[in-house]
Every structure is written in structure tokens, then in C-alpha cells.
Amino acid sequence: MWRNRIPLALVLVALGIAMSGCGWAGPDSHTGAGEIQDLQLSLSRVPLAGAPIGAAYAYAGKDAGENARLPRAFTGAPPMIPHSIEGLLPITLESNACVQCHGTPGSPQDDPPPAPPSHFVDGRGAPTVSRKEVAGARWLCTSCHVPQTHAPLLVGNGTAH
């Protein structure tokens, strides 16, 4: 019965021979005229180790209600947070400082503006039922909304205001 089985050692030897014939010769095998330099793999034209570190930008907003809201980046974009979020994070399962002010349904003209109606609907579990509290899928506000800054554009796109 054992005569019909190929010994494991023979399989490993055959595999080793096959791999050596595939052209893999180790990390030093790819040199020469077709070599791609590290600077060709990036948008940056400086080595990563010498890349400049961007300046830290202070958030434009001070306390809630003290800052004008910036226009949205594009139609359908989430609005930016027009005030500092220092002391409001982290958002946890038990605590979300955002919903203390923005977590009840209302009109966008209200002050503070409420989360939109879409935030009060569980799109997966009950997409036709509007709740009185923010749905769990919308609980982590900072996954879409970021504090606004006066930072310059890192890359121009020709459509900036």
C-alpha cells in the first residue's frame, strides 16, 4: 500500500528544483538597466527619509457657535465641523459628545444644526423607520466629519474656491 504514495522528501526535492528553475534567485537578482528607482514610485521627488514634515495646523473653530460654516467640498459631501473638537473625543459606545448637541431631529436652520434625517434611520435593519436617536451606523461622527482648518491645499486641483 505504501508503494502507491510518493515520499514527502521526494515531493520537497521536486518542489525545490521547480522553484530554482522559475528564475527566483533571491533579492539581488533584479539589477541592471530595467531597475526602477525608489523616486519613480512616488509622487514625491525626494527620498522618504528626507521628506519635509508638514506643519501642524490649528483648527479654525474656537467654541461651538463662534465660527462661520465653510461651504461643502462638493455636493453631498459631509459638512466640516466649524468648532474645535478638543475634549469631545474619543467617541465610544457609551459616550458621544456630538449627539449631545446635534443628536435630535430638527431643521438645518436650527442652532445648533441637528444631524440630517438620514442619521436617524438604520439603513440595514429598518430603512423605513425614523428613530428619535442617531442610528448606530452613524454613531462615529468623525469617520465622515472633520474640523475645518485654514490649511493650504497640499495639491492644487484647479477647482478650489
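Residues numbered from 1 in each chain as written. Predicted model: local features only at pLDDT ≥ 70, side-chain atom pairs only at ≥ 80, totals over all residues. Heavy atoms only, no water.

Engineer: How do you make sense of the overall build of the protein when you look at a structure like this?
Structural biologist: Assigned secondary structure in the protein consists of two helices and two strands. A total of 161 residues make up the protein; the buried ones form 15% of that total. Of the contacts formed within the protein by residues at least 6 apart in sequence, a portion of 47% connects residues at least 24 apart. By element, 62% of the accessible surface of the protein is carried by carbon and sulfur atoms, the whole surface being about 13400 Å². (Helix = DSSP H or I, 4+ residues; strand = E, 2+ residues; numbered from the N terminus. Buried < 20%, exposed > 50% of the residue type's maximum accessible area, 1.4 Å probe, protein only. Contact = heavy atoms within 4.5 Å. Areas by Shrake-Rupley, 256 points an atom, 1.4 Å probe, with all protein chains shown as cover.)

Engineer: What is the right way to read the pattern of salt bridges from this model?
Structural biologist: For side chains of opposite charge, pairing can occur when their charged atoms come near one another. Tallied over the entire structure, the rule returns two salt bridges. Across the pair aspartate 122 and arginine 131 runs a salt bridge whose closest N-O atoms are separated by 3.5 Å. Residue classification places arginine 131 among the partly exposed positions, given a relative accessible area of 29%. One salt bridge in this structure joins glutamate 133 and arginine 131, with 3.8 Å as the shortest N-O distance. What emerges from the salt-bridge pattern is a single network uniting Asp122, Arg131 and Glu133. (Salt bridge = Lys/Arg side-chain N within 4 Å of Asp/Glu carboxyl O.)

Engineer: In this structure, what is going on with unusual backbone geometry? I would like to understand it.
Structural biologist: Leaving glycine aside, a negative phi is the common case for residues, and trans is the common case for peptide bonds. In this model, leucine 89 is joined to proline 90 through a cis peptide bond whose omega is 5°. In this structure, proline 90 sits in the loop between α1 (8-20) and α2 (97-102). The omega torsion across aspartate 111 and proline 112 is 0°, close enough to zero to call that bond cis. By secondary structure assignment, the location of proline 112 is in the loop between α2 and β1 (121-122).

Engineer: Help me out: how do you make sense of the confidence of the model for the protein in this one?
Structural biologist: For any part of a model where pLDDT is low, the fine detail of the predicted coordinates should not be relied upon. Of all residues in the protein, 71% have pLDDT values of 70 or greater, and the mean over the chain is 78. Put simply, α1 is where the protein has its lowest mean pLDDT, 71, and α2 is where it has its highest, 93. (pLDDT = per-residue confidence, 0-100.)

Engineer: Would you mind going over the side chain of histidine 119 with me for this structure?
Structural biologist: In this structure, histidine 119 sits in the loop between α2 and β1. Overall, the relative accessible area of 14% leaves histidine 119 in the buried class. Contacts of histidine 119, omitting those with residues within four sequence positions, involve Glu133, Val134, Ala135, Arg138 and His145.

Engineer: Looking at this model, I keep getting lost on a nonpolar patch on the surface. Mind explaining?
Structural biologist: Residues Leu8, Val11, Leu12 and Leu15 make up a contiguous nonpolar surface patch of about 390 Å² in total accessible area. Along the chain, leucine 8 turns up in helix α1. (Patch = residues over 30% accessible without salt bridge, like charges linked within 9 Å, V, L, I, M, F, W, Y side chains within 5 Å.)

Engineer: What is the right way to read the environment of arginine 72 from this model?
Structural biologist: Mapping arginine 72 onto the fold places it in the loop between α1 and α2. Owing to a relative accessible area of 48%, arginine 72 belongs among the partly exposed residues under this scheme.

Engineer: Explain the side chain of aspartate 122 here, please?
Structural biologist: Residue placement: aspartate 122 occurs in strand β1. Beyond its immediate sequence surroundings of up to four residues, aspartate 122 is in contact with Pro127, Val129, Arg131 and Ala135.

Engineer: What is the right way to look at the pairing of strand β2 (residues 126-130) in this model?
Structural biologist: Every other side chain in a regular strand lies on the same face of the sheet, so the side chains alternate between the two faces. Of all the five residues making up β2, zero are buried; the element is thus mostly uncovered. Judged from the two bridges that link them, β1 and β2 form a sheet pairing that is antiparallel. Bridge assignment links valine 121 to a residue of β2, and that residue is serine 130. Here β1 folds back onto β2, and the loop between the two strands holds three residues. (Pairing = 2+ DSSP bridges.)

Engineer: I keep staring at the environment of glutamate 133 and nothing clicks. Help me out?
Structural biologist: Topologically, glutamate 133 is positioned in the segment after β2. You can call glutamate 133 partly exposed: its relative accessible area is 44%. Distance from glutamate 133 to histidine 119, taken between C-alpha atoms, is 8.5 Å for residues 14 residues apart in sequence. Excluding residues that lie within four positions of it along the chain, glutamate 133 makes contacts with Gly103, His119 and Phe120.

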